Amino acid sequence: MSAETPVCQLLERQDVDYRGWLWVAPPRDGWLEGGEGRLLAADQTVLSAWRARGRPAGSPFEADMPTPPGVVLFWPKAHALGEWWLLWLCAHLPAGTPLQVVGENQGGIKRVLKVLAALGLGCRKVDSARRCTLFASRLDRVGLDPEAAWTSFEAEGLRLASHPGVFGHGKLDEGTRLLLSWLPGVLPETGRVLDMGCGDGILAAWLARRGLAITAVDVNGFAVEATRRSLAANALDGEVRAGDVFAGLEGRRFDAIVSNPPFHQERAVDYGPAGRLIREAPKHLVPGGRLVLVANAFLPYPDLLEQAFGGFEILADDRRFRVYSART
Ligand SMILES: C[S@@+](CC[C@H](N)C(=O)[O-])C[C@H]1O[C@@H](n2cnc3c(N)ncnc32)[C@H](O)[C@@H]1O
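Residues numbered from 1 in each chain as written. Predicted model: local features only at pLDDT ≥ 70, side-chain atom pairs only at ≥ 80, totals over all residues. Heavy atoms only, no water.

Around the ligand lies a shell of 17 residues, among which T176, G197, D218, D244 and V245 are the nearest. Take T176: an N or O atom from its side chain is 2.6 Å from an oxygen atom of the ligand. In the environment of the ligand, a nitrogen atom lies 2.9 Å from a nitrogen or oxygen atom belonging to the backbone of V245. Here the ligand loses 92% of its free accessible area of 590 Å² to cover by the protein chains. Across the shell around the ligand, the residue classes break down as nine nonpolar, six polar and two charged. (Near = heavy atom within 4 Å. Polar contact = N/O pair within 3.5 Å; in protein donor to acceptor, adjacent residues only side chain to side chain. Areas by Shrake-Rupley, 256 points an atom, 1.4 Å probe, with all protein chains shown as cover. Nonpolar A, V, L, I, M, F, W, Y, C, P; charged D, E, K, R; others polar.)

This paragraph deals with the side chain of H79. Of note, H79 is situated in helix 4 (residues 79-92). The class of H79 is buried, set by a relative accessible area of 14%. At a separation of 3.4 Å, a polar atom in the side chain of H79 contacts the side chain of R111. Contacts of H79, omitting those with residues within four sequence positions, involve G107, G108 and R111. (Helix = DSSP H or I, 4+ residues; strand = E, 2+ residues; numbered from the N terminus. Buried < 20%, exposed > 50% of the residue type's maximum accessible area, 1.4 Å probe, protein only. Contact = heavy atoms within 4.5 Å.)

A few words on the sheet that holds strand 5 (residues 98-104). Pairing within the open sheet is mixed, and its seven strands lie in the order 3-2-1-4-5-7-6. Since the sheet does not close on itself, it has two edges, and those belong to strand 3 (57-58) and strand 6 (124-129), each with one partner. Relative to strand 2 (residues 38-40), strand 1 (residues 22-24) is paired through three bridges, and the arrangement is parallel. Each residue of the ladder has a partner; that of L22, found in strand 2, is R38. Sheet contacts for helix 4: strand 1, strand 2, strand 4 (71-74) and strand 5; angle to strand 4, the most-contacted strand, approximately 165 degrees. (Pairing = 2+ DSSP bridges. Axes fitted to C-alpha atoms, helices over the stretch in contact; angles between N-to-C directions.)

This brings us to the sheet that holds strand 16 (residues 285-296). Strand order across the open sheet formed by seven strands is 12-11-10-13-16-18-17, with mixed pairing between neighbours. The open sheet terminates on both sides in strands that have one partner only, identified here as strand 12 (239-242) and strand 17 (313-317). Strand-to-strand twist of the sheet, defined as the mean angle between neighbouring strand axes without regard to direction, takes the value 15 degrees. This element, helix 6 (residues 174-186), spans strand 13 (254-259), strand 16, strand 17 and strand 18 (321-327) of the sheet and lies at about 150 degrees to strand 16. Sheet strands in contact with helix 7 (residues 202-209) are strand 10 (192-196), strand 11 (213-218) and strand 13, and its direction is about 175 degrees off that of strand 11.

The biggest cluster of nonpolar side chains holds 35 residues, and the ones touching the most others in it are L183, L187, L207, V258, V292 and V323. Apart from residues lying up to four places away in sequence, L183 is in contact with L203, W206, L207, V258 and V292. (Core = buried A, V, L, I, M, F, W, Y, C linked by side-chain atoms within 4.5 Å.)

So, about the pattern of salt bridges. Here the structure, examined in full by the defined rule, presents 15 salt bridges. Its salt-bridge partner being E225, residue R229 comes within 3.0 Å of it at the nearest N-O pair. Residue R229 and its partner E225 are located together in helix 8 (residues 221-233), separated by four residues, close to a single helical turn. The exposure class of E225 is buried, given its relative accessible area of 17%. Salt-bridge contacts for E239 lead to R252; the nearest nitrogen and oxygen are separated by 2.9 Å. (Salt bridge = Lys/Arg side-chain N within 4 Å of Asp/Glu carboxyl O.)

Taken as a whole and judged by the stated rule, the model has zero disulfides. In this structure C8 is a free cysteine whose sulfur lies 9.2 Å from that of C132, the closest cysteine sulfur available. The cysteine C123 is free of any disulfide, with C90 supplying the nearest cysteine sulfur at 12 Å. Judged by relative accessible area, C123 falls into the partly exposed class, the value being 27%. (Disulfide = S-S within 2.5 Å.)

Right under this line is the structure:
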């Protein structure tokens, strides 16, 4: 199969034997998924797609993997996250391992030169085409701990963990703040609540502090880890899982589902996950259970809520954000 994404098309034309190489944080691409490399990623949709094909795939939060002959890092939109991946690779793989870094010019890949230089890693440009550039270097011990990227902040009397690439990165979102101000009036005193798209775990921790049994889900492995750390920092319990919306929650029902749902995927607007959340919520709620959402007022959720639940209420509307509630 030919490469589908511009970054992979650039890699495909290289005269390099990539067999056994580690692809780090790549996009979905049939050329990679049908090839002979291994995956290291934090995105559950990419991990699940590889595992479904029986391909070797792991996340940085699992046990160490076999040493690869080389590594390709797909530079992410968030530069701080790209820097974290570099530090992680330098800390976990042998010095001297060939490293390539590829990314879209529009996504700021050229900054990688400076980032690698600051780490004392030499670098040369290998190729550029399809509005993408490929650099080559080698991993080395750089004496910086990737753990230092984890920070924390206070919001709503809770200590929350933060990491590059996790939504909000170090501050409480205004939509989430509005949602929290309306939750006490509509949620049960006890019961099981699902926090869908948990990010740094603000909703999960807030709900757990009220004594609710929480399950928190996010597609982003860094968000899952952040939520685990946020719960632990406040001595709270909860189930935290990596997942693409309801995948893995088949047959499970909750007394309520709360969410500030995503509507972006990288730079593109994407209502897919929020649409699936609303459409599939009724079969994950007990009779009389409630979905409570906050969303930018312009997002097309009223129609989706009407179709899925046959009706809904607007609990709050500050012109920027709306809080919706719908019951089974
Ligand atoms: C707007 S943020 C809300 C984060 C947090 N709940 C808050 O209120 O600050 C949406 C979250 O949904 C997650 N997300 C995106 N796509 C998802 C999917 N397909 N399944 C589950 N979570 C997803 C994102 O990683 C992000 O953490």
